[in-house]
Amino acid sequence: MPKKAEHPQTEVHVDVEGRTLRLTNLEKVLYPSTGTTKGEVLDYYVRIAPVLLPHLAGRPVTRIRWPHGVGDLSFFEKNAPRGTPSWVRTAEVPTTGSRGPSRHGDTLVFPIIEDLPTLVWAVNLAALELHVHQWTVDEDDEPVGADRIVIDLDPGEPAGLHECCQVALLVQEALAERDLDALAVTSGSKGLHLYAPLAEPLPSAETSELAKEIAEELQAARPDLVTATMTKARRRGKVFLDWSQNAGSKTTVAPYSLRGTPRPQVATPVGWDEVAEGAQDPLGLDQFTPTQVLERVEEYGDLFA
């Protein structure tokens, strides 16, 4: 038998759908509390890619990178970094997103992650979190209006996911009154994200106004449980309905993305029966691990499809 290497392999070249990629430091621990390595993170993203990539397609991606793991510093990265392979699709868009050029004509060059080689390339740069806008770009990389509304349910301690589930049912009803069907996704952190697909794209200003209208409506109806105010001091024990993520410049973590939490957790699509259970039982719903998410997809398919 060949002698086992004394040290982990620190660099490998792999073929990913015809693209040769150099993967480095696969043994580096990115989640110290669980010992989860960069190689294991890459494995998760490769295995979840069939359901993840459709939700990234056509959307500029902001990455949050943890080069030395979640116990160390992280940074947001919008522009495609120096050394980006020529085959990575990029889109040059105004800094104000889909609302049109900024006053100073500034633009950003985002990567568009819609195939497996690009996903592996990004994750190899320790991009644990993938965040996207609610608008897309067309084949000519021109921004298109928002194709969905998102409302981020963010609990203020001691409120948690249980209270978020209760509020989610109220938001679902408010959206249904406007002929919009909602999809629920655990944030992978503390709360829930609710999405409502639109029949046709709208300007981000209009989707922001609609989300704000719903947030303020529910705040008036349930001031004991809901706040539409961003001030953190007013969130204690309540669920903040963050409508602002519909702005053209804002992003939300993509469904199936990992989070840079102490333990690896995933933004996970869930069914409304699960949300209802979480609203009834404080332990009825929790954030999910990568292993659990892969098992769920195998059993249920893509609940965000």
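Residues numbered from 1 in each chain as written. Predicted model: local features only at pLDDT ≥ 70, side-chain atom pairs only at ≥ 80, totals over all residues. Heavy atoms only, no water.

Once that is clear, we can look at unusual backbone geometry. Going from Glu157 to Pro158, the amide bond is cis rather than trans, its omega being 5°. Relative to the helices and strands, Pro158 is located in the loop between strand S11 (143-155) and helix H3 (161-176). At Asp179, a residue that is not glycine, the phi angle is positive and equals roughly 60°. Along the chain, Asp179 turns up in the loop between H3 and strand S12 (183-186). In this structure Asp179 comes out as exposed when scored by relative accessible area, which is 72%. (Helix = DSSP H or I, 4+ residues; strand = E, 2+ residues; numbered from the N terminus. Buried < 20%, exposed > 50% of the residue type's maximum accessible area, 1.4 Å probe, protein only.)

For the coordinates displayed, the defined rule picks out two aromatic pairs. With 5.3 Å between their ring centres and 65° between their planes, Tyr44 and Tyr45 make a pair best called edge-to-face. Here the two residues Tyr44 and Tyr45 agree in accessibility, since each one is buried. Centroid distance Tyr195 to Phe304: 5.0 Å. Interplanar angle 80°. Geometry classified as edge-to-face. (Phe/Tyr/Trp six-rings, centres within 6.5 Å; stacked < 30°, edge-to-face > 60°.)

With that settled, the discussion passes to the confidence of the model for the protein. With 94% of its residues at a pLDDT of 70 or more, the protein shows a mean pLDDT of 93. The model gives residues 1-7 a pLDDT under 50, and that stretch makes zero contacts with residues more than four places away or in other chains. Segment residues 97-104 is flagged for pLDDT under 50; beyond a separation of four residues in sequence, or across chains, it makes 17 contacts in the model. (pLDDT = per-residue confidence, 0-100. Contact = heavy atoms within 4.5 Å.)

Strand pairing within a sheet occurs via backbone hydrogen bonds; the two strands may be parallel or antiparallel. Pairing within the open sheet is antiparallel, and its four strands lie in the order S6-S5-S9-S16. Strands with a single pairing partner mark the edges of an open sheet, and in this sheet they are strand S6 (75-77) and strand S16 (252-253). Alignment of strand S5 (residues 61-65) against S6, held across three bridges, turns out to be antiparallel. Bridge pairing in S6 places Ile64 opposite Phe76. (Pairing = 2+ DSSP bridges.)

Take the domain arrangement of the protein next. By a widely used convention, the size of an interface equals the accessible area lost when the partners come together. Each assigned domain of the protein is listed with its residue range as follows: domain 1 (11-137) and domain 2 (145-249 + 261-288). Taken together, the contact pairs 18 residues of domain 1 with 16 residues of domain 2. Along the contact surface separating domain 1 from domain 2 lie one salt bridge. Put simply, domain 1 and domain 2 have six residue pairs in polar contact (both at pLDDT 80 or more) between them. For the side of domain 1 that touches domain 2, the class distribution of residues is five nonpolar, ten polar and three charged. (Domains from an automatic or database assignment. Salt bridge = Lys/Arg side-chain N within 4 Å of Asp/Glu carboxyl O. Polar contact = N/O pair within 3.5 Å; in protein donor to acceptor, adjacent residues only side chain to side chain. Nonpolar A, V, L, I, M, F, W, Y, C, P; charged D, E, K, R; others polar.)

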